[in-house]
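The lines below spell out each chain.
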Amino acid sequence: MISSMTGYGSASRQVSLGAGVVADLQVECRAVNSRFLDLGFRLPDECRGAEPALREMATQSLSRGKVEFRAAWRVNSAAAGAAKSNPHALGAISRDRLDALYTLQEKAQEAFPKAQELSIAEVLRWPGIVSEPRGEEDSWITATIEAGRAALAALMESRHAEGKALVSVLTSITGKMRDIVKVIEPKVPEYVAQYQEKLTERLAEALAAQEQAKAGAELMERIRQEVVLYAVRIDVAEEFARLKTHLQAVDTALAGKGPVGKRLDFLMQELNREANTLSSKSVSEECTQAALELKLFIEQMREQVQNLE
């Protein structure tokens, strides 16, 4: 299935911290456009051990995009009830750190006599004073991997859904481009005939001017230039043929499976090249307008293709 490179997924798991306390762990997986697969991780220290497994999962599932895994956790609200009946659930106080903080406060008050003493809340928030329960490392890694796998699956689902929508948009645009080709291509002989008539008039003017010339060299050079210009301008059959071939290649790619973004990006370049050539060879205003509309549609497709994996 064709996928977009943008998407989002999240999942959560619970981790036991011991002493009846449970942490809610949430893992998010975000993806945006990128030429290659670019993985990033923002994980707390407790979850760092799961990074290799998350990286392997993402590499096996994705081929392009800037993908970032983020994890965060907090103590479950139900732990508040457990803390009332089990004070140890809140963690242990480090006596050494507490004594060091007390000594630091005394020295500070000696330097600043008017300074207020630390409150209980400020003491408990001081780094290292309270040793909070952290749980076992294996539990954190297991929970992070499980949540990461579920978040990645949700990301893939959102990418598939957006990819399906993009395929519909691109298919609609190729249909409109085919309609333009169907209208203009049959009129090419008429455009050629009109240009041939203009060329004949120019040659007639050149012949009339030759009567006043001393030699025919200037006339022959003028004729050669006009004939070369004529040959270049009327040869648009190849451009139309290649346009139709490239459009068919686009539809074939969209009907297939797997990553197609790079292939479609190349086809956009080819389509744009043919539209530019068609515009430069145009011998009528209608043909020029058609070429401009084709270039507009190609640009719209290019913007959407940038989102495909």
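Structure: above.
A brief report on the enclosed structure follows. The model shown is predicted, which means the values in this text are computed figures rather than measured ones.

Comments concerning the side chain of Arg159
Right, so step 1: In this fold, Arg159 is placed in helix H5 (residues 137-184).
Right, so step 2: Owing to a relative accessible area of 0%, Arg159 belongs among the buried residues under this scheme.
Right, so step 3: One polar contact links Arg159 to Glu309, side chain to side chain, over a distance of 3.1 Å.
Right, so step 4: In this view, Arg159 contacts Ser3, Ser4, Met5, Thr6, Gly7, Ala31, Leu62, Arg64 and Glu309; residues no more than four positions away in its chain are not counted.

Looking at the environment of Gly65
Right, so step 1: Relative to the assigned elements, Gly65 resides in strand E4 (residues 65-75).
Right, so step 2: Residue class for Gly65 comes out buried when judged on its relative accessible area of 0%.
Right, so step 3: For the pair Gly65 and Glu309, spaced 244 residues apart in sequence, the C-alpha to C-alpha distance is 7.2 Å.
Right, so step 4: Those residues within four positions of Gly65 in sequence are excluded, and the remaining contacts are Met5, Val32, Ser34, Phe36, Leu37 and Asp38.

Quick word on the packing of aromatic side chains
Right, so step 1: Using the criterion set out here, one finds two aromatic pairs in the structure.
Right, so step 2: Between the aromatic rings of Phe41 and Phe69, the centroid separation amounts to 5.5 Å while the plane-to-plane angle is 5°, which identifies the pairing as stacked. Of this pair, Phe41 sits in strand E3 (residues 37-42) while Phe69 sits in strand E4, and the two are 28 residues apart along the sequence.
Right, so step 3: We classify Phe41 as buried; its relative accessible area is 14%.
Right, so step 4: Relative to Trp140, the ring of Trp73 lies with its centre 5.1 Å away and its plane at 55°, an arrangement referred to as tilted. Within this pair, whereas Trp73 is found in strand E4, its partner Trp140 is found in helix H5, the two being separated by 67 residues in sequence.

Quick notes on the packing of H5 against helix H8 (residues 237-255)
Right, so step 1: Where H5 contacts H8, the axes come no closer than 10 Å and their chain directions differ by 160°. Looking at the two axes, H5 sits roughly antiparallel to H8. Here H5 runs over H8; the crossing is left-handed. Each of Val167, Leu170, Thr171, Thr174, Met177, Arg178, Val181 and Ile184 in H5 lies in contact with H8, whose residues at this interface are Phe240, Lys244, Leu247, Gln248, Val250, Asp251 and Leu254.
Right, so step 2: Considered class by class, the residues forming the contact of H5 with H8 number nine nonpolar, three polar and three charged.

Here we look at the nonpolar core
Right, so step 1: The biggest cluster of nonpolar side chains holds 35 residues, and the ones touching the most others in it are Met177, Val250, Leu254, Leu264, Leu278 and Leu308.
Right, so step 2: Residue assignment for this core shows that the elements contributing at least two residues are H5, helix H6 (188-210), H8, helix H9 (261-280) and helix H10 (285-305).

What counts and how
- Every chain's residues receive numbers from 1 upward, in the order its sequence appears when written.
- Where totals are concerned, whole chains, interfaces and linings use all residues; where local detail is concerned, this predicted model gives features only for residues with pLDDT of at least 70, and gives and counts side-chain atom pairs only at 80 or more.
- Neither water nor hydrogens contribute to the side-chain values; these are computed over all heavy atoms in the structure.
- Runs of H or I in DSSP of at least four residues are treated as helices and runs of E of at least two as strands, each being numbered from the N terminus.
- Only protein chains enter the accessibility calculation, which uses a 1.4 Å probe. A residue is then buried if its area is under 20% of the maximum for its type, exposed if over 50%, and partly exposed in between.
- Each polar contact in these results corresponds to two N or O atoms within 3.5 Å; when the atoms are within protein, one needs to be able to donate a hydrogen and the other to accept it, and residues that are neighboring in sequence are counted only if both atoms are side-chain atoms.
- Any two residues having at least one pair of non-hydrogen atoms within 4.5 Å are treated as being in contact.
- Ring pairs shown here join Phe, Tyr and Trp side chains whose ring centres sit within 6.5 Å, with only the six-membered ring taken for Trp; geometry is labelled stacked below 30 degrees between planes, edge-to-face above 60, and tilted in between.
- Only the stretch in contact is used when a helix axis is fitted, and all axes are lines through C-alpha atoms; the angle between N-to-C directions ranges over 0 to 180 degrees.
- Roughly parallel refers to an angle under 35 degrees, roughly antiparallel to one over 145, roughly perpendicular to one between 65 and 115, and oblique to any angle outside these ranges.
- A clockwise turn of the near helix away from the far one marks a right-handed crossing, whereas an anticlockwise turn of less than a right angle marks a left-handed crossing.
- Amino acids outside the nonpolar list (Ala, Val, Leu, Ile, Met, Phe, Trp, Tyr, Cys, Pro) and the charged list (Asp, Glu, Lys, Arg) are all regarded as polar, and Gly is one of them.
- Here the nonpolar core consists of buried residues drawn from Ala, Val, Leu, Ile, Met, Phe, Trp, Tyr and Cys, with membership extended through side-chain atoms lying within 4.5 Å.

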